[in-house]
Amino acid sequence: MSERELASSFDDADESPGLLLWQITNRWQAAQRAALKPYGLTHVQFVLLAALTWLGTEGPITQKQLADHAATDPMMTSQVLRALEAAGLVERLPHPTDKRARALQVTASGRDIANRTVRVVEETDHRFFEPLGDLATPFTRSLQRLKAGAKGQPRHATTAP
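For the structure given in this document, a descriptive report is provided here. Each chain has its residues counted from 1, running along the sequence as written. Local features in this predicted model are restricted to residues whose pLDDT is 70 or higher, and side-chain atom pairs enter the listing and the counts only when it is 80 or higher, whereas totals over whole chains, interfaces and linings include all residues. By convention in this description, side-chain values take in all heavy atoms of the structure and omit both hydrogens and water.

### Looking at the packing of aromatic side chains
Then, number 1: Pairing of aromatic rings covers Phe, Tyr and Trp, the last through its six-membered ring, and needs centres within 6.5 Å; plane angles under 30 degrees mean stacked, over 60 mean edge-to-face, and all others mean tilted. Enumeration according to the criterion identifies two aromatic pairs in this entry.
Then, number 2: Summarising the aromatic geometry, the rings of Phe 129 and Phe 139 are spaced 5.9 Å apart at their centres and angled 40° between planes, so their arrangement reads as tilted. In this pair, Phe 129 sits in helix H5 (residues 108-129) while Phe 139 sits in helix H6 (residues 136-149), placing the two residues 10 residues apart along the sequence.
Then, number 3: An aromatic cluster of at least three residues, connected via ring pairs, comprises Phe 128, Phe 129 and Phe 139. Only DSSP runs of H or I covering at least 4 residues are called helices, and only runs of E covering at least 2 are called strands; the numbering of each starts at the N terminus.

### Focus: the packing of helix H1 (residues 17-36) against H5
Then, number 1: Axis definition: a line fitted to C-alpha atoms, limited for helices to the stretch in contact. Angles are taken between N-to-C directions and run from 0 to 180 degrees. Relative to each other, H1 and H5 sit at 145°, their axes nearing to 10 Å. Where H1 crosses over H5, the two elements pack in a sense that is right-handed. In this structure, H1 contributes Ile 24, Arg 27, Trp 28, Ala 31, Gln 32, Ala 35 and Leu 36 to the contact, and H5 contributes Thr 117, Val 120, Val 121, Thr 124, Asp 125, Phe 128 and Phe 129.
Then, number 2: In this classification, Asp, Glu, Lys and Arg are treated as charged, Ala, Val, Leu, Ile, Met, Phe, Trp, Tyr, Cys and Pro as nonpolar, and every other residue, Gly included, as polar. A breakdown of the residues in the contact of H1 with H5 according to their chemical character gives nine nonpolar, three polar and two charged. Left-handed describes a crossing whose near helix is turned anticlockwise from the far helix through less than a right angle; right-handed describes the clockwise counterpart. Note on contacts: a residue pair qualifies if any of its non-hydrogen atoms lie within 4.5 Å across the two residues.

### Let's talk about the environment of Met 75
Then, number 1: By the secondary structure assignment, Met 75 is in helix H4 (residues 74-86).
Then, number 2: Here the term buried applies to any residue with accessible area under 20% of the maximum for its type, exposed to any over 50%, and partly exposed to those in between, with areas from a 1.4 Å probe on protein chains only. A relative accessible area of 61% means that Met 75 is categorised as exposed.
Then, number 3: Taking the C-alpha atoms as reference, Met 75 lies 9.8 Å from Lys 64; in sequence the two are 11 residues apart.

Any functional reading would require information beyond the geometric quantities listed.
Shown next, in the form of structure tokens:
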């Protein structure tokens, strides 16, 4: 082993794509938290509310369908939905064809806040990724490839409501 105590294959921490991704993700999440704070939403609440608003035109949406679409942990999704329901942004109704499931529905106020906050979140993204310039589109394509390659790997819960 070299003089370092850590048996890393990297000569410098900034060579590790995983560490860089984690560091950048933390900064991006902090920016999103700050942008959403005036609306009283966490980022995961926003993601699920926006996803449900997006999917809502496709008929009854189950919690499992929403979790799959948002790539969130099903148990965490349930906790977040309870918080959104308590805030009057989401309703869980009996499912018309599956007696075991609940049909999720965005309320009028939920749809309003989803549409107001999506603009804020997208503007925050724009400012955050602006330093990439012309590399933003290839970077997004690279993230899409990573996402496609990660399908089927276990999801980990993020911060609950």
